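Listed below are the residues making up each chain.
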Amino acid sequence: SHLNPYFFNRVLFGFGHRLTVDALEREGAQGRNLARCRVLADAGQYSSFMGRYREAQVHLAESLAIAREIEDTRMIARVLQPLGMASLGQGDVAAACGYLQEALALARKLGDKRELAGAINALAQLHRLQGDLETAEPLYDQVVALARELGDREIIAVGLLNLAMASLGRGADDRARAVLLEALAIAEEIGSRPAGQSVVEVCAGLAALRQEWE
């Protein structure tokens, strides 16, 4: 994530959203430049995290338009991923697939492993949410492998959690348990509240699959 880690790790999405939207409305902030492009991208991601997908689409679409105007390939790649997920949140699968495929192509062109991991993860999310677990699971494996190469514990945790959900969807509870144990250890190590919350949610799914109701 390119968002402020203080807000992200403490799940202060509402506060971050308010700050970015206020910044966008300030006098002199309407220029079609990189600064506005970045703040729009952040505002869009905060909106998306809060489930406000239509609002997220508006912010991210403007950010993407500016990024294309100023020919900033990295910003284009960065914005395409959350725009794809916001589109999916709005039920527009075709648009989501188009944005995410472009994001993946750009990440490969840039040779940026971090962007590549994000793009592959977003595409895997689309497949998983569409019920195509056979396609999603190996993509999540690629995300985890890239994150290990980068040494980024947070991305490893995200990849592992998504992999666990795909495994649960296939009924592979033993693999899901092993993956969740590693994700839990990482969440505790890095002190990430979003990761910790997600571990609890996925563990509840594992317990339900095993009919361990208590």
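Not measured: the values here are computed from a predicted model. (Residues numbered from 1 in each chain as written. Predicted model: local features only at pLDDT ≥ 70, side-chain atom pairs only at ≥ 80, totals over all residues. Heavy atoms only, no water.)

**Focus on the overall build of the protein**
No. 1: A count of helices and strands for the protein gives eleven helices and zero strands.
No. 2: Each helix and strand of the protein, placed in order from N terminus to C terminus, yields the pattern α-α-α-α-α-α-α-α-α-α-α.
No. 3: Its C-alpha radius of gyration of 17 Å places the protein within 12% of the 17 Å reference for a compact globule of 214 residues.
No. 4: Over its C-alpha atoms, taken along the principal directions, the protein stretches across nearly 55 × 35 × 35 Å. (Helix = DSSP H or I, 4+ residues; strand = E, 2+ residues; numbered from the N terminus. Rg over C-alpha atoms; globule rule 2.2 N^0.38 Å.)

**What about the nonpolar core?**
No. 1: By size, the foremost hydrophobic cluster in this structure holds 58 residues, and its most contacted members are I120 and L160.
No. 2: Other than its neighbours up to four places away in sequence, L160 contacts V144, R148, V179, E182, A183 and I186. (Core = buried A, V, L, I, M, F, W, Y, C linked by side-chain atoms within 4.5 Å. Buried < 20%, exposed > 50% of the residue type's maximum accessible area, 1.4 Å probe, protein only. Contact = heavy atoms within 4.5 Å.)

**A few points about the pattern of salt bridges**
Where charged atoms from two side chains of opposite charge come close, those side chains can pair.
No. 1: Inspection of the entire model under this criterion finds 16 salt bridges.
No. 2: Between D42 and R78 there is a salt bridge, and its shortest N-O distance comes to 2.4 Å. Separated by 36 residues along the polypeptide, D42 in helix α3 (residues 34-49) and R78 in helix α5 (residues 73-89) bring together distant segments of the chain.
No. 3: Connected through salt bridges with shared partners, the residues R32, R36, E62 and E69 form a single ionic network. (Salt bridge = Lys/Arg side-chain N within 4 Å of Asp/Glu carboxyl O.)

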